[in-house]
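# Structural description and commentary
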Amino acid sequence: KAGTKPTPVALVNARSDFAQTKPDLAVAYAIDADETSAWAVDPEVGRSHVAAFDLEKPVTHEGGVRLTVTLEFMNNRRHAIGRPRVSVADAPGLAVEPVTATHDPIDAHRERRRRASDLLARPADEWTAAEQQELAELHRIFDPDAERLDIDVRRIESEKPRPDLLRVLVASENVSHIPHHADGRGYPHFYPETHFLRRGDVNQKEGVAKAGYLQVLTRPAEGLDPWWQSPPKGATRSHRRAALARWITDVEQGGGSLAARVIVNRLWQHHFGEGLVATPSDFGKQGDPPSHPELLDYLAGELIRSGWRLKPIHRLIVTSATYRQTSNVDAVKAGLDPANRLLWRYNRRRLDGEAIRDSLLTLAGVLDPQLGGRAGRDETSPRRSLYLERKRSKLPLFLRTFDAPDYVSGLAKRSTTTTAPQVLAIMNGPSARSWAERFAQRMIDEADQVPHLPPPRGEPAARADTKEAAVLRAAYATALGRSPTSTELHDAMLFFQTQHAAYAAAGNGNPAVAATADVCQVLLGLNETLHIE
């Protein structure tokens, strides 16, 4: 009856004409209580098979009975029944016999050809979706190339994507332990107590070392620990690190005030080359005093008020009038403060190695801005330098040349050197040459899209009458953020013409691109490209 809730009926006495034996996947597993078991017919996949089941109880009704058969493929959704056919009988216990062909294969082949001819005789726009699918199936039957391609498609579809999984060590609460080399050497996963050890020997314990905090930065009442919270029931870690984190960020009673000053000083050092405290890892009496103590306190307060978020502090610094100053030197001010500790101008400084590489990739038009994901294998990768693979025994050569750290020990402040390998890396390095060639091709393709920018203040603007001059002007504007002066453009054109003639004489197939790449490579190595002014 319509609207009546269906009543499930149990099936019993399962039997089939064939079942897989290795492993045992008999038809009885199709109706048992285990959702992971099932009936299978390997290796006779593709042939017709039959299975029969009896109803546990007879199903009768005066008005008739409607049976709904639902098939659920819980074990393997890719191994479903191809063309199921369901029949119902009124007598239980019917015997099951193998299915035999009841038609002539030759007649069936002729019938398929006739059906294909009938469909092709009609205009294609009159085919229904079902007829299009049917014609595609017929085409695969009669076309051996289509059958071969179809086999490849089925093979590819049957292969599950296998992501490149990386196993990493995670230290977190209630995470399954990953075995590592320290197991079995006296390093338990949960430390109920830490002891003083005589000469570092774990077998010579001399008392319990209780967790504590730096007294010079702590102001709680005696015996009070406001940062400790008892671990929840079932915890597998001591939660001492969580207590330490609360103490570090506690502005009132813990080390939060100092932590905030240290952080904003590092941010200031990142943007100006030197922090308000010139010794970023030493805020004590042996370190340098802050050049602007009130500014340091203000920035630390802003960091705390913004919820310890770093981006607002970055924005505050780079939008300040101090950061937006020029690097021009004033003789009077230089006489009063030659080291520029009072920041009366911007300190001209070279970019970090990572920023240099990313800048050159950007000029070449190949920088990959993707966030996260797999690391780049080496310096030829288009990925940002932040995502280059770091291996202690094989560090990226280009970054090491420009004073990148070794990633082995902590470094409070990078050194900035000027060495011959840095020049050679730009002049002769294969990576720099490939970036210059891509930069040149990009300028040739996009020269008319680069806006006209003014030359340096007080310098006459250069004219770009020819296409080659327009390309060089665009390269200057893209690399340096300004147009070339008349002298610069004259020298660049002379260099271009000399290189063009040399490449043409040597039989180069495209001397214009090669000569433009030479000029672009010069631009990539200019101090104006590699420095912040």
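It should be noted that the structure appears before, not after, this text.
Please read all numbers here as calculations on a predicted model, not as lab measurements.

### Side note on unusual backbone geometry
Phi is positive for Asn13, which is not a glycine, with a value near 55°. For Asn13, the position within the fold is in strand S1 (residues 11–16). Classification of Asn13 by relative accessible area gives partly exposed; the value is 43%. The phi dihedral of Leu343 is positive, around 60°, even though this residue is not glycine.

### Thoughts on the packing of aromatic side chains
Taken as a whole, this structure holds 8 aromatic pairs when the rule is applied. Ring centres of Tyr213 and Trp247 lie 5.6 Å apart, and the angle between their planes is 25°; this geometry places the pair in the stacked category. Placement of the pair is Tyr213 in the loop between strand S4 (205–208) and helix H4 (240–248) and Trp247 in helix H4, with a sequence separation of 34 residues. Between the aromatic rings of Phe398 and Trp435, the centroid separation amounts to 5.5 Å while the plane-to-plane angle is 80°, which identifies the pairing as edge-to-face.

### So, the side chain of Asn265
Tracing the backbone shows Asn265 in helix H5 (residues 256–272). Its relative accessible area of 0% is what places Asn265 among the buried residues. Within the structure, the side chain of Asn265 is placed 2.7 Å from the backbone nitrogen of Val277, a separation counted as a polar contact. When neighbours within four sequence positions are excluded, Asn265 is seen to be in contact with Gly275, Leu276, Val277, Pro280, Phe283 and Leu296.

### Here's the deal with the packing of helix H9 (residues 353–364) against helix H12 (residues 430–446)
The packing of two helices is summarised by the inter-axis angle and the distance between the axes. The N-to-C vectors of H9 and H12 enclose an angle of 35°; their axes lie 7 Å apart at closest approach. Touching Arg357, Leu360, Leu361, Thr362, Leu363 and Ala364 of H9 are Trp435, Arg438, Phe439 and Arg442, all from H12. Residues belonging to the contact of H9 with H12 are distributed by class as follows: 6 nonpolar, 1 polar and 3 charged.

### Some words on the environment of Ala512
Relative to the helices and strands, Ala512 resides in helix H15 (residues 511–524). We classify Ala512 as partly exposed; its relative accessible area is 30%. Separated by 16 residues in the primary sequence, Ala512 and Phe496 have C-alpha atoms spaced 8.2 Å apart.

### Here's the deal with the nonpolar core
The nonpolar side chains of soluble globular proteins are, as a tendency, buried together. In this structure, Ile356, Leu360, Phe398, Trp435, Phe439, Leu472 and Leu524 are the most contacted members of the largest nonpolar core, which totals 42 residues. Of all the secondary structure elements, the ones that give two or more residues to this core are H9, helix H10 (397–401), helix H11 (420–427), H12, helix H13 (467–480), helix H14 (486–505) and H15. If you tally residues by element for this core, the top one is H13, at 9 residues. Every residue in contact with Leu524, bar those within four places of it in the chain, is listed here: Leu360, Leu363, Ile426, Ala432, Trp435, Ala436, Phe439, Thr529 and Leu530.

### Let's talk about the environment of Trp308
Inspection of the secondary structure puts Trp308 in the loop between helix H6 (293–305) and helix H7 (311–318). A relative accessible area of 26% means that Trp308 is categorised as partly exposed. On a C-alpha basis, the gap between Trp308 and Ala260 in space is 8.0 Å, while along the polypeptide they are 48 residues apart. Aside from chain neighbours lying at most four places away, what touches Trp308 is Thr249, Val251, Gly256, Ala259, Ala260, Ile263 and Leu303.

### Notes on the layout of surface pockets
Considered as a void within the structure, the second largest pocket measures approximately 760 Å³ in volume. Taken together, 31 residues form the lining of the second largest pocket, with Gln269, His270, Gly273, Lys413 and Arg414 sitting closest to its centre. Those elements giving two or more residues to the lining of the second largest pocket turn out to be H5 and strand S5 (349–350). Among the elements that line the lining of the second largest pocket, the one with the most residues is H5, at 6 residues. For the lining of the second largest pocket, a count of residues per class yields 10 nonpolar, 12 polar and 9 charged.

### Focus: the packing of H14 against H15
Viewed as axis vectors pointing N to C, H14 and H15 meet at an angle of 140°, and their least axial separation amounts to 8 Å. For the element pair H14 / H15, the angle class is oblique. Pair H14 / H15 crosses with right-handed handedness. Taken together, the residues of H15 that come into contact with H14 (itself represented by Ala492, Phe495, Phe496, Gln499, His500, Tyr503 and Ala504) are Pro511, Ala512, Ala514, Ala515, Thr516, Asp518, Val519 and Val522.

How each quantity is defined
- Residues numbered from 1 in each chain as written.
- Predicted model: local features only at pLDDT ≥ 70, side-chain atom pairs only at ≥ 80, totals over all residues.
- Heavy atoms only, no water.
- Helix = DSSP H or I, 4+ residues; strand = E, 2+ residues; numbered from the N terminus.
- Buried < 20%, exposed > 50% of the residue type's maximum accessible area, 1.4 Å probe, protein only.
- Phe/Tyr/Trp six-rings, centres within 6.5 Å; stacked < 30°, edge-to-face > 60°.
- Polar contact = N/O pair within 3.5 Å; in protein donor to acceptor, adjacent residues only side chain to side chain.
- Contact = heavy atoms within 4.5 Å.
- Axes fitted to C-alpha atoms, helices over the stretch in contact; angles between N-to-C directions.
- Nonpolar A, V, L, I, M, F, W, Y, C, P; charged D, E, K, R; others polar.
- Core = buried A, V, L, I, M, F, W, Y, C linked by side-chain atoms within 4.5 Å.
- 1 Å grid on protein atoms, 1.4 Å probe; cavity = no way out; pocket = protein on both sides within 12 Å on 5 of 7 lines; lining within 4 Å.
- Points joined across faces, edges and corners; volume = space filled by probe spheres on them.
- Parallel < 35°, antiparallel > 145°, perpendicular 65-115°, else oblique.
- Left-handed = near helix turned anticlockwise from the far one by under 90°.

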